[in-house]
Amino acid sequence: MRCLVTGATGYIGGRLAPRLLAQGYDVRCLARRAGRLRDVPWSGQVEIVEADLSRAETLPAAFDGVDVAYYLVHSLGQAGFEATDRQAATNFATAARAAGVRRIVYLGGPEPAADDPATSAHLRSRSEVGRILQASGVPTVVLRAAVIIGSGSASFEMLRYLTERLPVMVTPRWVTNRIQPIAVRDVLHYLVGCASLPAEVDRGFDIAGPDVLTFGEMMQRYARVAGLPRRLLLPVRPLTPTLSSYWVGLVTPVPNALARPLVASLIHEAVAHEHDIAAYLPDPPGGLTGFDEAVELALAKVRDAQVETCWSTAAGPNAPAEPLPSDPDWSGGTAYTDVRERPVAASPEALWQVIEGVGGEHGWYSFPLAWSVRGWLDKLVGGVGLRRGRRHPQHLRVGEALDFWRVEEIVPGELLRLRAEMRLPGRAWLELRVQRGDDGGVRYRQRAVFLPHGLAGHAYWAAVAPFHALVFGGMARNITGRAER
């Protein structure tokens, strides 16, 4: 049986693909850029097809010969995400039916009340996608999950950072709403099991863990599991979901654009109304995972640097995807660069270890205040900020987020190229290289490239260029110094 996984570069899809392989399925992954999956451990075991769900003409080859198709994509956090997801789901459903796919599996959110005018755009869109897929004529299972608890999930990171950083928190009314969270391992159990359901199963199912908690209770339970003192929560009625999302965006790595729909969905109670899926798929061995155990498992993964995937790994459809142009005359003949080179009295391996470890907890090796200020400014204008961190403290993969950069290219032992995802009037890259001389010496080469958009782009470069000696010069000195030590 061949399974098509969309969203394989994302949080759930990146975990589902290897589990389908472990069950003996043939797996094909659909991605807009195949290179985004190049460095995942299981890439050599799957077929990777380049296609774009927003472009129907690219889909027939991806669906050819597919038995089960997983829809695990969404444009949450992108401008106009409802229209984008509507079109993508329609294209997916049409292609699946035309190819004779036997089963569609979709992971959505809680079903909002039809008569509730305050339903969040997030939940409304997820529900609409489910209806589009079910109307395809292909037997479809819609799994409805609320908050997913697992290392690297956006909901877990939001809970984690709010609880750990705020011993006293002014809280909005929604922290008293009831939620029935589910562990990511249980979500994956159901997703894998849906591949073998009989054709007559064509409906939605609520999936949830055994505990019903308020978000405030989740924070207190997290604090207890993490060994933190009990948190003091002070409810304030005027604190609206919009204001709450700005607070979440400020305190956690989750950017405002993603925090807003997540917080807006928390104003609704998210409790499972049925457990009918048990009639078709047994619960996981040992039973469903309780909240405390799910938190313990997630924290252990974070502590042991074994986080498989992270919410920040997925790049939305509107994210810049073009690689660094090889022609320096691109962008109207203007490409600003800042190049730093230094000899290094260390082995190439030692220098590469420092390069691959940049960002996250290690920082950027120069003027931390300047990097922090740039991150805060980016947050204030709706960008991703500097605190997305990294999935692993030492090893990187192509396509991963690294603070406000994304890894565009890695040549192990030689090159790390990062593409900027902060808000800029142009496009920017940062290259860090290990160079070996003919005389056996080692040199470090660092190049920043900025391709301006319009007058604002030229003005931006002129404004920041005076600080490059301090920021980029210090970075080159400190990276080589760390390698030598």
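Residues numbered from 1 in each chain as written. Predicted model: local features only at pLDDT ≥ 70, side-chain atom pairs only at ≥ 80, totals over all residues. Heavy atoms only, no water.

## Here's the deal with the confidence of the model for the protein
Phase 1 of the analysis: Across the protein, pLDDT averages 88, with 93% of residues at or above 70.
Phase 2 of the analysis: Looking over the protein, one finds the lowest element-wise mean pLDDT in helix α8 (residues 241-251), namely 72, and the highest in strand β4 (residues 68-71), namely 98. (pLDDT = per-residue confidence, 0-100. Helix = DSSP H or I, 4+ residues; strand = E, 2+ residues; numbered from the N terminus.)

## Here we look at the sheet that holds strand β6 (residues 140-144)
Phase 1 of the analysis: Taking strand neighbours across the sheet as the criterion, the 7 strands line up as β3-β2-β1-β4-β5-β6-β11 in an open arrangement whose pairing is parallel. Looking at which strands have only one partner, the edges of the open sheet turn out to be β3 (47-50) and β11 (203-206). Between one strand and the next, the sheet's axes are offset by a mean angle of 20°, whatever the strand orientation.
Phase 2 of the analysis: Pairing of strand β2 (residues 26-31) with β3, which is carried by 4 bridges, proceeds in the parallel orientation. From the neighbouring strand, Ala31 faces β3, where its bridge partner is Glu50.
Phase 3 of the analysis: Across the face of the sheet, helix α4 (residues 121-134) comes into contact with β4, β5 (103-108), β6 and β11 while running at roughly 175° to β5. (Pairing = 2+ DSSP bridges. Axes fitted to C-alpha atoms, helices over the stretch in contact; angles between N-to-C directions. Contact = heavy atoms within 4.5 Å.)

## Quick word on the packing of helix α11 (residues 348-356) against helix α14 (residues 468-484)
Phase 1 of the analysis: One way to put it is that α11 packs onto α14 with a least axis distance of 8 Å and a crossing angle of 130°. Between α11 and α14, the interaxial angle falls into the category oblique. Helix-helix and strand crossings are classified by hand; for α11 and α14 the assignment is right-handed. In contact with Ala350, Leu351, Val354 and Ile355 of α11, α14 contributes Ile479, Arg482 and Ala483.
Phase 2 of the analysis: The residue inventory of the contact of α11 with α14, partitioned by class, reads 6 nonpolar, no polar and 1 charged. (Parallel < 35°, antiparallel > 145°, perpendicular 65-115°, else oblique. Left-handed = near helix turned anticlockwise from the far one by under 90°. Nonpolar A, V, L, I, M, F, W, Y, C, P; charged D, E, K, R; others polar.)

## Let's talk about the side chain of Thr58
Phase 1 of the analysis: Summarising the element assignment, Thr58 is placed in the loop between β3 and α2 (60-63).
Phase 2 of the analysis: A polar contact of 3.0 Å, which involves the side chain of Thr58, links it to the backbone nitrogen of Asp52.
Phase 3 of the analysis: Within the local environment of Thr58, its side chain forms a polar contact with the backbone oxygen of Arg55, the two atoms lying 2.8 Å apart.
Phase 4 of the analysis: The contact partners of Thr58, leaving out residues within four places of it in the chain, are Ala51 and Asp52. (Polar contact = N/O pair within 3.5 Å; in protein donor to acceptor, adjacent residues only side chain to side chain.)

## Regarding the sheet that holds strand β17 (residues 415-420)
Phase 1 of the analysis: Spatially, β14-β19-β18-β17-β16-β15 is the arrangement adopted by the 6 strands of the open sheet, whose pairing is antiparallel. Bordering the open sheet on either side are β14 (336-344) and β15 (401-402), each of which pairs with just one other strand.
Phase 2 of the analysis: Against the sheet, α11 contacts β14, β16 (405-411), β17, β18 (426-436) and β19 (442-452), and its axis sits at roughly 160° relative to β18.
Phase 3 of the analysis: Packed on one face of the sheet, helix α13 (residues 454-464) meets β14 and β19 and runs near 145° to β19.

## Quick word on the side chain of His468
Phase 1 of the analysis: Its place among the elements puts His468 in helix α14.
Phase 2 of the analysis: Taking the relative accessible area as the measure of exposure, His468 reaches 8% and is therefore buried.
Phase 3 of the analysis: The contact partners of His468, leaving out residues within four places of it in the chain, are Asp338, Arg340, Trp461 and Gly473. (Buried < 20%, exposed > 50% of the residue type's maximum accessible area, 1.4 Å probe, protein only.)

## Focus: the environment of Asp403
Phase 1 of the analysis: Mapped onto the secondary structure, Asp403 falls in the loop between β15 and β16.
Phase 2 of the analysis: Taking the C-alpha atoms as reference, Asp403 lies 19 Å from Pro425; in sequence the two are 22 residues apart.
Phase 3 of the analysis: Setting aside anything within four residues of it in sequence, one finds Asp403 in contact with Gly359, Gly360, Trp364, Gly385, Leu386, Arg388 and Gly389.
Phase 4 of the analysis: Among the polar contacts listed, one links the side chain of Asp403 to the side chain of Trp364, at a separation of 2.8 Å.

## As for the packing of aromatic side chains
Phase 1 of the analysis: Overall, the coordinates contain 12 aromatic pairs when judged by the stated rule.
Phase 2 of the analysis: Between Trp364 and Trp405 the ring centres are 6.3 Å apart and the planes differ by 45°, which places this aromatic pair in the tilted class. With a gap of 41 residues between them, Trp364 in the loop between α11 and α12 (368-380) and Trp405 in strand β16 connect regions that are remote in the sequence. Of the two residues, Trp364 and Trp405, both sit in the buried class.
Phase 3 of the analysis: Taken together through their ring pairs, the aromatic side chains of Phe63, Tyr71, Phe92 and Tyr106 make up a single cluster. (Phe/Tyr/Trp six-rings, centres within 6.5 Å; stacked < 30°, edge-to-face > 60°.)

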